[in-house]
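Structural description and commentary
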Amino acid sequence: MSLTDQNMPNKGFFSSLGEHQGTDDFLRGLWRDNPVFVQVLGMCPSLAVSNSAMNALAMGLATTFVLTMSNVLISMLRNFIPKEVRIASYILIIATFVSMVDYVIQAVSVDLHKSLGAFIALIVVNCIILSRAEAFASKNTVGRSLMDGLGMGLGFMFALFCIGSIREIIGSGTLLGFQVMPDTFEKWVIMVLPAGGFFTLACWLLIFNHYKIKKSKA
Amino acid sequence: MNNESLMTIFINASLINNFVLAYFLGICPFLGVSGKVETASKMGAAVTFVMVISSVCAYGINLLLTAINAPFLQLISYIVVIASTVQLVEMFVKKVSPALFKALGIFLPLITTNCAVLAIALLQTSKGYDIFQSVTFALGGGAGFTLALVLMAGLREQLEFSEVSGIAKGTALVLLVGGILSLSFMGFAGLGG
């Protein structure tokens with residue numbers, strides 16, 4: 001139980017939302033505790049579906065939806081779910097929302113569904129979602145969990161887009177399908193292959209480490 | 001129906017389309033438990049076991065779901081089967097080898113959220129494998145996962161003795177090594193038909 005939860009009388013939906021607490025929950029996921037770059041969670045989709053910027057955005061949106069909805073529902077039910085079976089219940093809740101997203105994407109665009117492949121269904125086992133459910137939503141109010149889910153989801157999307165756009169620009173010379181590199185540019189095919197995913201993410205982590213070390217020295 | 005030979009399925013799943021290095025499935029344990037060769041190989045064995053059991057169960061469940069015409073329950077029922085299999089393995093390991101239980105730590109219950117296990121169940125359904133093909137597919141996937149994990153652990157044991165620049169310590173270095181491993185596994189592409 002968090003401190004806010006115990007000390008604040010339960011007035012309503014956003015009762016324990018302090019003045020800046022909501023924004024803080026939101027920004028924490030987006031930047032300071034970015035799920036991919038800082039916490040290094042959810043590696044599988046962030047490497048596998050980031051071969052183009054479009055795929056990265058679609059995957060990010062789908063994950064954000066599931067993360068926000070499951071955070072809200074789990075937070076609502078946090079006093080009803082027995083502790084012993086909580087993980088199983090979380091996974092069931094998450095799987096329900098993922099099945100929904102799966103059918104929605106299939107209805108909106110069959111091509112997109114094909115290019116994301118099994119990875120839509122695999123949102124169920126994305127560690128970010130379960131870790132937020134266990135570490136945040138099960139202990140905090142609905143309002144804060146909503147902001148946390150949104151922040152973490154958008155942070156995930158941001159990271160995916162960072163990796164995806166670089167892989168697409170260097171690997172196929174395009175960004176979101178539009179050509180950005182001159183015709184004479186020799187495409188680095190390796191960047192759209194699996195190995196390119198590892199290298200791109202490694203480079204981003206190197207850059208972040210560089211700044212972290214610089215900051216701690218200063 | 002799919003009539004690939006069992007041999008093709010095994011080589012495809014373990015080497016050509018290695019689950020970790022080509023499909024990016026199960027990256028979390030690949031980064032987390034690949035510190036020592038011994039732990040890595042045991043983790044690989046545990047994951048393979050869960051894969052085979054859940055593959056058999058998923059095959060049965062899929063037949064049932066098709067019979068009652070409820071394909072939308074597929075994902076939910078698969079994940080429940082996997083979660084209970086993992087629970088079983090956890091109790092087994094705890095009883096048989098408490099030391100191993102400690103070494104695997106949090107990563108043992110996390111097999112539930114190992115995408116490679118769920119992917120086996122989902123892919124075998126979408127490819128229309130029969131029961132023998134499914135089990136071979138699970139065995140191949142598990143073998144590939146173990147191979148990648150052990151290779152990575154071997155490399156990391158060597159890296160312990162080398163001097164690494166400050167900014168590359170930790171995950172970044174493991175990812176770079178993973179990239180090079182993934183490049184070398186592309187050489188297996190010629191094996192397939």
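Residues numbered from 1 in each chain as written. Chains lettered and ligands numbered in written order. Predicted model: local features only at pLDDT ≥ 70, side-chain atom pairs only at ≥ 80, totals over all residues.

Remarks on the overall build of chain A
A tally of regular secondary structure across chain A gives nine helices and two strands. Put simply, chain A runs from its N terminus to its C terminus through helices and strands in the order α-α-α-α-α-α-α-α-β-β-α. Its C-alpha radius of gyration of 19 Å places chain A within 12% of the 17 Å reference for a compact globule of 218 residues. In chain A, buried positions account for 45% of the 218 residues. In chain A, of all internal contacts separated by at least 6 residues, the share reaching a separation of at least 24 is 76%. (Helix = DSSP H or I, 4+ residues; strand = E, 2+ residues; numbered from the N terminus. Rg over C-alpha atoms; globule rule 2.2 N^0.38 Å. Buried ≥ 20, exposed ≤ 12 C-beta atoms within 10 Å, placed from the backbone. Contact = placed C-beta atoms within 7 Å.)

Section: the overall build of chain B
What chain B contains, in helices and strands, is eight helices and zero strands. The linear arrangement of helices and strands in chain B, starting from the amino end, is α-α-α-α-α-α-α-α. For 193 residues, the compact-globule estimate of 2.2 N^0.38 gives 16 Å, and chain B sits close to it at 17 Å. For chain B, long-range pairs separated by at least 24 residues make up 81% of all intrachain contacts whose partners lie at least 6 apart in sequence.

A short note on the packing of helix α4 (residues 53-76) of chain A against helix α8 (residues 142-172) of chain A
Residue and element names in this part refer to chain A. Running from N to C, α4 and α8 cross one another at 165 degrees; their axes reach a closest spacing of 8 Å. On the basis of their axis angle, the class for α4 and α8 is roughly antiparallel. The interaxial crossing formed by α4 with α8 has right-handed handedness. Split into classes, the residues belonging to the contact of α4 with α8 amount to 18 nonpolar, twelve polar and two charged. (Axes fitted to C-alpha atoms, helices over the stretch in contact; angles between N-to-C directions. Parallel < 35°, antiparallel > 145°, perpendicular 65-115°, else oblique. Left-handed = near helix turned anticlockwise from the far one by under 90°. Nonpolar A, V, L, I, M, F, W, Y, C, P; charged D, E, K, R; others polar.)

Quick word on helix α1 (residues 6-16) of chain B
The set of residues buried in α1 of chain B consists of I9, N12, A13, S14, L15 and I16 of chain B. Elements in contact with the buried residues of α1 of chain B: α7 (131-159) of chain B.

Digging into the confidence of the model for chain B
Residue and element names in this part refer to chain B. For chain B, mean pLDDT is 85; residues scoring 70 or higher make up 98% of the total. Here helix α5 (residues 98-104) is the element of chain B with the lowest mean pLDDT, 81, and α7 is the one with the highest, 91. Overall fold confidence for the complex sits at a pTM of 0.84, while the interface term, ipTM, reaches 0.82. (pLDDT = per-residue confidence, 0-100.)

Structural notes on the packing of helix α2 (residues 21-32) of chain A against α8 of chain A
Residues and elements named next belong to chain A. Two elements in contact, α2 and α8, have axes separated by 6 Å at closest approach and are oriented at 25 degrees. Classified by the angle between their axes, α2 and α8 sit roughly parallel to one another. In terms of crossing hand, the pair formed by α2 and α8 is right-handed. Between α2, through Q21, G22, D25, F26, L27, R28, G29, L30 and W31, and α8, the contact on the second element is made entirely by G143, R144, M147, D148, L150, G151, M152, L154, G155 and F158.

Quick notes on the interface of chain B and chain A
On the side of chain A, 32 residues touch chain B, which itself brings 32 residues to the contact. Elements supplying a minimum of two residues to the side of chain B that touches chain A: α2 (27-32), α4 (74-96), α6 (115-127) and α8 (171-185) of chain B. Looking at the side of chain B that touches chain A residue by residue, the classes come out as 25 nonpolar, seven polar and no charged.

As for the nonpolar core
Within the largest apolar cluster, 116 residues are counted, with the highest numbers of intra-cluster contacts made by I94, L122 and V124 of chain A together with L118 of chain B. Among residues more than four places away in sequence, those in contact with L118 of chain B are L122, V124 and V125 of chain A together with Y78, I79 and I82 of chain B. (Core = buried A, V, L, I, M, F, W, Y, C linked by C-beta atoms within 7 Å.)

Focus on helix α5 (residues 86-108) of chain A
Between the first and last C-alpha of α5 of chain A there are 33 Å, a value that for 23 residues agrees with the 33 Å anticipated at 1.5 Å per step. Those residues of α5 of chain A hidden inside the fold are in contact with α4 and α7 (127-137) of chain A together with α4 of chain B. (Expected span 1.5 Å × (residues − 1).)

Overview of the confidence of the model for chain A
Residue and element names in this part refer to chain A. Scored by pLDDT, chain A comes out at a mean of 82, with 91% of its residues at no less than 70. Least confident of the elements in chain A is helix α1 (residues 3-7), whose mean pLDDT is 40; most confident is α4, at 92. Contacts of residues 1-16 to residues separated by more than four positions or lying in other chains number 16 contacts, the stretch itself having pLDDT below 50.

Re the environment of I76 of chain B
Among the structural elements, I76 of chain B can be located in helix α4. The class for I76 of chain B is partly exposed, based on 16 C-beta atoms found within 10 Å. If we ignore the near neighbours within four places in the chain, the residues touching I76 of chain B are L92, A95, T96 and S99 of chain A.

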